[in-house]
Amino acid sequence: MTNLFDIKGKIALITGSTHGLGMAMAKGLGEAGATIVVNGNSSQQKIDAAVAELKKEGINAVGYKFNVTDEKEVIDAIKKIETEVGPIAILINNAGIIKRIPLIEMEVADFKEVIDIDLVSPFIVSKHVAKGMIERRQGKIINICSMMSELGRNTVGAYAAAKGGLKMLTKNMATEWAKYNVQINGIGPGYFATEQTKPIRVDGHPFNDFIISRTPAAKWGDPGDLAGAAIFLSSKASDFVNGHILYVDGGILATIGKPSNEE
Ligand SMILES: NC(=O)c1ccc[n+]([C@@H]2O[C@H](COP(=O)([O-])OP(=O)(O)OC[C@H]3O[C@@H](n4cnc5c(N)ncnc54)[C@H](O)[C@@H]3O)[C@@H](O)[C@H]2O)c1
Ligand SMILES: O=C(O)C(=O)C[C@H](O)[C@H](O)CO
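Below or above, wherever it landed, is the structure these notes cover.

About the thresholds
- Residues numbered from 1 in each chain as written.
- Chains lettered and ligands numbered in written order.
- Predicted model: local features only at pLDDT ≥ 70, side-chain atom pairs only at ≥ 80, totals over all residues.
- Heavy atoms only, no water.
- Helix = DSSP H or I, 4+ residues; strand = E, 2+ residues; numbered from the N terminus.
- Rg over C-alpha atoms; globule rule 2.2 N^0.38 Å.
- Buried < 20%, exposed > 50% of the residue type's maximum accessible area, 1.4 Å probe, protein only.
- Contact = heavy atoms within 4.5 Å.
- Lys, Arg positive; Asp, Glu negative; His and termini not counted.
- Charge placed at Lys NZ, Arg CZ, Asp CG, Glu CD.
- Polar contact = N/O pair within 3.5 Å; in protein donor to acceptor, adjacent residues only side chain to side chain.
- Pairing = 2+ DSSP bridges.
- Right-handed = clockwise from strand over helix to strand, strands pointing away.
- Core = buried A, V, L, I, M, F, W, Y, C linked by side-chain atoms within 4.5 Å.
- Expected span 1.5 Å × (residues − 1).
- Arc of directions from axis to C-beta.
- Phe/Tyr/Trp six-rings, centres within 6.5 Å; stacked < 30°, edge-to-face > 60°.
- Lys NZ or Arg CZ within 6 Å of the ring centre and 35° of its normal.
- Near = heavy atom within 4 Å.
- Areas by Shrake-Rupley, 256 points an atom, 1.4 Å probe, with all protein chains shown as cover.

**Some points on the overall build of the chain**
Summing up its helical and strand segments, the chain has 7 helices and 7 strands in all. Listed N to C, the secondary structure of the chain is β-α-β-α-β-α-β-α-β-α-β-α-α-β in terms of helices and strands. For 263 residues, the compact-globule estimate of 2.2 N^0.38 gives 18 Å, and the C-alpha radius of gyration of the chain, at 18 Å, lies within 12% of that figure. Taking the principal axes of its C-alpha atoms as reference, the chain extends roughly 55 × 45 × 40 Å. When each of the 263 residues of the chain is scored for burial, the buried share is 48%. Long-range contacts, defined here as pairs at least 24 residues apart, represent 73% of the contacts in the chain between residues at least 6 apart. When the 29 positive and 29 negative side-chain charges of the chain are each reduced to one mean point, those points stand 5 Å apart.

Right under this line is the structure:
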């Protein structure tokens, strides 16, 4: 029988993948047989270290440094990747930032920077990768959304505006590109233990306790918990799934939460 989850030999570009959730999904897709294209913007050294980490696990990996917000850099990088490595079959728009500032105090420049990286860049990268996918009549795009695609929270207004927008961008990409056999979906991670959440994950920090009690699974997500969803949405198993956001959140969106006197 065909293995519906087989992605052997497929080339997967994962933006912002030197560490954190991007690296965890790179390992998952790499273990399922894909060739991984690592991306980052901060330093070549970090990219080289990430590629070496994947290769050590027997995964085919290469690295390309570019800024996902810079359209020219993106176009040049995609051309280079497709010439030097091959056609991109899977794109995961994972690069992102958060700024925790109350809206009333937030400078417009900070708001715009979050929107630029978290919402405009998935549009830029997808637009230029999708052109090839549409020509080949095959492709998978996964946008990394958030609990903030559905819920608000104090101090993360710009991030929530971007991630809520990314959910709708995902649905619109599906609306326009599904007919070319390109599947565009999102993954909405709950609260995961990465650099992004480090400042609010400290033992004794009220937010740390809040997240554990607010999550029915009663813990922070382990980045490796995203691999299954990423493989599913990258493989033949999801060929008729389009415009869907798959929340991997330990049940956060399933419940209103509970008062502090309940177990
Ligand atoms: N950690 C969580 O709980 C959580 C939950 C939901 C969604 N997310 C989302 O998952 C994604 C990964 O987050 P993470 O937790 O691993 O955080 P992280 O900060 O460890 O990773 C973000 C990555 O994006 C890269 N990046 C930022 N700006 C870039 C740019 N302009 N060009 C290229 N790369 C850039 C960073 O270098 C970094 O590697 C983000 O989009 C984040 O919003 C995280
Ligand atoms: O609420 C915060 O401060 C966050 O860091 C948001 C998380 O990173 C994540 O996006 C929740 O899904």
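So much for the structure itself; the text now carries on.
**Let's talk about the environment of Asp225**
Tracing the backbone shows Asp225 in the loop between α6 (206-214) and α7 (227-234). The sequence separation of Asp225 and Val108 amounts to 117 residues, and the corresponding C-alpha distance is 35 Å. Other than its neighbours up to four places away in sequence, Asp225 contacts Phe192 and Val248.

**What to know about the side chain of Thr18**
Examined against the element boundaries, Thr18 turns out to sit in the loop between β1 (11-14) and α1 (20-31). Relative accessible area serves as the criterion here: at 14%, Thr18 is assigned to the buried category. One polar contact links Thr18 to His19, side chain to side chain, over a distance of 2.9 Å. Not counting residues within four places of it along the chain, the set of residues in contact with Thr18 comprises Met23, Val38, Asn39, Gly40, Lys46, Ile47 and Ala50.

**Notes on the pairing of strand β3 (residues 61-65)**
Alignment of strand β2 (residues 35-40) against β3, held across 5 bridges, turns out to be parallel. Directly across from Gly40, in β3, lies its bridge partner Lys65. Taking the sense of rotation as the criterion, the β-α-β connection linking β2, helix α2 (residues 44-56) and β3 turns out right-handed.

**Regarding the nonpolar core**
Judged by nonpolar contacts, the single largest core of 45 residues is most densely connected at Leu13, Phe66, Val129, Ile141, Trp177 and Tyr191. Elements with a contribution of two residues or more to this core: β1, α3 (71-84), β4 (88-93), α4 (108-136), α5 (157-177), β6 (182-189) and α6. Among the elements that take part in this core, α4 stands out by supplying 9 residues, more than any other. The residues contacting Ile141, other than those within four sequence positions of it, are Leu91, Asn93, Ser126, Ala130, Met133, Trp177, Val182, Gln183, Ile184 and Asn185. Counting 31 residues, the second-largest nonpolar core is a separate cluster that includes Ile7, Val38, Ile47 and Leu233.

**Re α3**
Look at α3: 20 Å from first C-alpha to last across 14 residues, which is about the 20 Å you get at 1.5 Å a residue. Residues of α3 that are buried include every one of Val74, Ala77, Ile78 and Ile81, and no others. Taken around the axis of α3, the buried residues stretch over an arc of 100°, which confines them to a single face. With respect to the buried face of α3, the exposed residues turned more than 90 degrees away are Lys72, Lys79 and Thr83. Against the buried residues of α3 lie β1, β2, β3, β4 and α4. Measuring from the side-chain oxygen of the N-cap residue of α3 to the backbone nitrogen of Lys72 gives 3.1 Å; that N-cap residue is Asp70. Directly after α3, the chain includes Gly86, whose backbone phi takes a positive value near 140°.

**Focus on the packing of aromatic side chains**
Following the criterion strictly, the structure yields 3 aromatic pairs and no others. Site record: aromatic cluster; members linked through ring pairs are Tyr191, Phe207, Phe210 and Trp220. Sitting over the ring of Trp220, Arg201 keeps its end group 5.8 Å from the ring centre.

**Thoughts on the environment of Ala229**
Its location among the elements puts Ala229 in helix α7. As for Ala229 and Thr155, which are separated by 74 residues in sequence, their C-alpha atoms are 29 Å apart. Apart from residues lying up to four places away in sequence, Ala229 is in contact with Ile187, Leu246 and Val248.

**Description of the site of ligand 2**
Surveying the vicinity of ligand 2 reveals 13 residues, the closest of which are Arg100, Arg153, Tyr159, Tyr191 and Gln196. A distance of 2.7 Å is found between an oxygen atom of ligand 2 and a side-chain nitrogen or oxygen belonging to Ser146. With respect to ligand 2, the side chain of Tyr159 contributes an N or O atom lying 2.6 Å from an oxygen atom. With the chains in place, 97% of the 330 Å² that ligand 2 exposes on its own is no longer accessible.

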